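# Observations on chain architecture
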Amino acid sequence: MQHEPFWWEMARPQPLDQQPFSPSCDVAVIGAGYAGLHAALRLARAGRSVQVFDKEVPGFGASSRNGGMVAGTTKFRLSTLIETEGEKKAFGLYREGLEAEAWFKNFIRTEKIDCHLENHGRFTGAYRPGDYEVLAREAETVTRHFERAIYAVPKAEQQNEIGSDLYHGGLVQEDMSALHPALYHRGLLQRALDAGVTIHGTCCVTGFGREGNELKIETARGTVKARNLVVATNGYTDKELPWLRRRLVSPQSQIIATEPLPSELMAKLMPKKRTLGDTRILFPYYRACPAHKRMVFGGRSGAWSNDPKVKAAALHDVMVSIFPELKDIPLTHVWWGNVSFPFDRRPKLAVEDGVHYAAGFCGSGVIWASWFGRLAANRIINEGPATSALGGDPFETRPLYWGRPWFLPLILGWYRFRDAI
Ligand SMILES: Cc1cc2nc3c(=O)[nH]c(=O)nc-3n(C[C@H](O)[C@H](O)[C@H](O)COP(=O)(O)OP(=O)(O)OC[C@H]3O[C@@H](n4cnc5c(N)ncnc54)[C@H](O)[C@@H]3O)c2cc1C
């Protein structure tokens, strides 16, 4: 079993030729994932000189490791948001997700990025009997206020959506998609290079400070002065960036891939080729690989261990509880990466002391990291939408929290317990 992303078989992140280092530029960007590259691309196309720094090979972070599920949703259902925030704010938050999703799909289309973007919709299974009512209410609430193809599917019709009897019905969202995450990253990287962005791979930013109107950024290749700085390091934020590190909790998420499966079996398990998930707090997320030949199955199970075999076995157990047919199917890959959560579980677009932060995508960053990277750039060039209904809430830390989430095993244990009852 290989311990690196299945996606890398087709699009392994590649070291870039070393580019000229400039001691000054208009904007410096830390992190060459979706967020950093979108910010850089937008800025370069607006005529700014931009240098991006990544401490690893660009693409090493979550942006080439994720499940490739494309959804402009957040951790909160519209019905819950209406209850907690009131209609006006709830609608603003939900509408931004739809806008971001439409912009994202249009971006891939107009930039002609070949990343296997496919729209087969998503099915979310009701894990407990009572969850079905919650999902049905959500479908009813959304369709009352928005034009969206979203509907509940009762258990009696569930086999049309998924070849499993585990769930008590579920929710279909027809407009949700999937892509090949590493091909998307590769295409985006190329667009940024073509636009004139300078990208320094394996070049860690070790700190930064303000000097008058400028920011002085310390990197492994020397000091850079820039008028603006975008920090886009998300789940890979480490001690070099203490302000952000104190505001993020960054657990691992992991994925397994099976060996190729017979096409009849794939058609039985995933008859509509949808992306799939369920209502557990520690929910699994799963899909077919773009060629619909194998299962790609992710989740938090196994995050407590650093042993790839333990991670794979924990995810395998969850997969088999949904699809018993896969019990003896060998796995070919197990891999993992870091996601990140602000304390309020809402992505953040923040400005602190003139530094722009786009982070905290809560495991849903294919769209959100791309969108927030672009918004951060819009704010710098003062052009186009530059604020977010979702990302504008205060970016809080907690007393005595310095970025080491010692409490994570307790929280994960509590979530496992709640899912089990
Ligand atoms: C296993 C897994 C599955 C996921 N599945 C999905 C999914 O199906 N759908 C979805 O929407 N989202 C998913 N996500 C989340 C999504 O991948 C991320 O939210 C998104 O890729 C974040 O992009 P980013 O650009 O913010 O950060 P990353 O892509 O993580 O990039 C951050 C970069 O910052 C660099 N960096 C850090 N510190 C420094 C420094 N000091 N100097 C220089 N560089 C630095 C790192 O090397 C890294 O390359 C998943 C994530 C994981 C890990």
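Residues numbered from 1 in each chain as written. Predicted model: local features only at pLDDT ≥ 70, side-chain atom pairs only at ≥ 80, totals over all residues. Heavy atoms only, no water.

## Some thoughts on a nonpolar patch on the surface
- A contiguous nonpolar patch, built from Trp414, Phe417 and Ile421 and spanning about 370 Å² of accessible area, is present on the exposed surface.
- You can see Ile421 is positioned in the segment after α11 (408–420).
- For Ile421, a relative accessible area of 65% puts it in the exposed group. (Patch = residues over 30% accessible without salt bridge, like charges linked within 9 Å, V, L, I, M, F, W, Y side chains within 5 Å. Areas by Shrake-Rupley, 256 points an atom, 1.4 Å probe, with all protein chains shown as cover. Salt bridge = Lys/Arg side-chain N within 4 Å of Asp/Glu carboxyl O. Helix = DSSP H or I, 4+ residues; strand = E, 2+ residues; numbered from the N terminus. Buried < 20%, exposed > 50% of the residue type's maximum accessible area, 1.4 Å probe, protein only.)

## Details of the site of the ligand
- The full set close to the ligand counts 37 residues, and Asp54, Ser63, Gly67, Met69 and Val366 are the nearest of them.
- Taking Lys55, its main chain carries an N or O atom lying 2.9 Å from a nitrogen atom of the ligand.
- Here an oxygen atom of the ligand and a side-chain polar atom of Ser63 are 2.5 Å apart.
- With the chains in place, 98% of the 1000 Å² that the ligand exposes on its own is no longer accessible.
- Those elements that place two or more of their residues in the shell around the ligand are α2 (34–45), β12 (252–258), β16 (331–338) and α10 (365–381).
- It is α10 that provides the largest number of residues to the shell around the ligand, a total of 3 residues.
- In terms of residue class, the shell around the ligand is made up of 17 nonpolar, 15 polar and 5 charged. (Near = heavy atom within 4 Å. Polar contact = N/O pair within 3.5 Å; in protein donor to acceptor, adjacent residues only side chain to side chain. Nonpolar A, V, L, I, M, F, W, Y, C, P; charged D, E, K, R; others polar.)

## Here's the deal with helix α3 (residues 78–85)
- Turning to α3, its buried residues are Leu78, Ser79, Leu81 and Ile82. Along α3, the residues classed as buried sweep out an arc of 165° about the axis, all on the same side. With respect to the buried face of α3, the exposed residues turned more than 90 degrees away are Glu83 and Thr84.
- Positive backbone phi, at 85°, marks Gly86, one or two positions downstream of α3. (Arc of directions from axis to C-beta.)

## What to know about the environment of Glu87
- Locating Glu87 in the fold gives a position in helix α4 (residues 87–110).
- Classification of Glu87 as partly exposed rests on a relative accessible area of 43%.
- Other than its neighbours up to four places away in sequence, Glu87 contacts Ile82 and His145. (Contact = heavy atoms within 4.5 Å.)

## Observations concerning the sheet that holds β12
- Pairing in this open sheet of 8 strands is mixed, and the strands run β5-β6-β4-β13-β14-β15-β12-β16 from one edge to the other. The open sheet has two free edges, formed respectively by β5 (150–153) and β16, since each of these has just one partner strand. Adjacent strand axes in the sheet meet at a mean angle of 20° when their direction is disregarded.
- Relative to strand β15 (residues 295–299), strand β14 (residues 285–288) runs antiparallel, the two being bridged by 4 bridges. Bridge assignment links Arg287 to a residue of β15, and that residue is Val296.
- Across the face of the sheet, helix α5 (residues 129–145) comes into contact with β4 (122–125), β5 and β6 (170–173) while running at roughly 155° to β5.
- Each of β12, β14, β15 and β16 is contacted by helix α9 (residues 308–322), which is oriented at about 70° to β12, the strand it contacts most. (Pairing = 2+ DSSP bridges. Axes fitted to C-alpha atoms, helices over the stretch in contact; angles between N-to-C directions.)

## Observations regarding the nonpolar core
- Membership of the largest hydrophobic core comes to 72 residues, with the highest contact counts inside it found for Phe104, Tyr184 and Phe372.
- Among the elements that line this core, the one with the most residues is α10, at 11 residues.
- Not counting residues up to four positions away in its chain, the partners in contact with Phe104 are Val70, Leu179, Tyr184, Val366, Ile367 and Ser370.
- Listed in part, the 26 residues of the second largest apolar core include Met270, Met295, Met319 and Leu326. (Core = buried A, V, L, I, M, F, W, Y, C linked by side-chain atoms within 4.5 Å.)

## A short note on the packing of α3 against α5
- Two numbers describe how α3 lies on α5: the axes approach to 8 Å, and their chain directions differ by 75°. It follows that α3 is roughly perpendicular to α5 by the angle criterion. The segment α3 lies against α5, with Leu78, Ser79 and Ile82 engaging Glu138, Thr141, Val142 and His145.
- Here the contact of α3 with α5 is built from residues that sort into 3 nonpolar, 3 polar and 1 charged. (Parallel < 35°, antiparallel > 145°, perpendicular 65-115°, else oblique.)

## With respect to the pairing of β16
- Most of β16 sits inside the fold, with 6 of its 8 residues counted as buried.
- Relative to β16, β12 is paired through 7 bridges, and the arrangement is antiparallel. Opposite Thr258, over in β16, you have Leu331 as the bridge partner.

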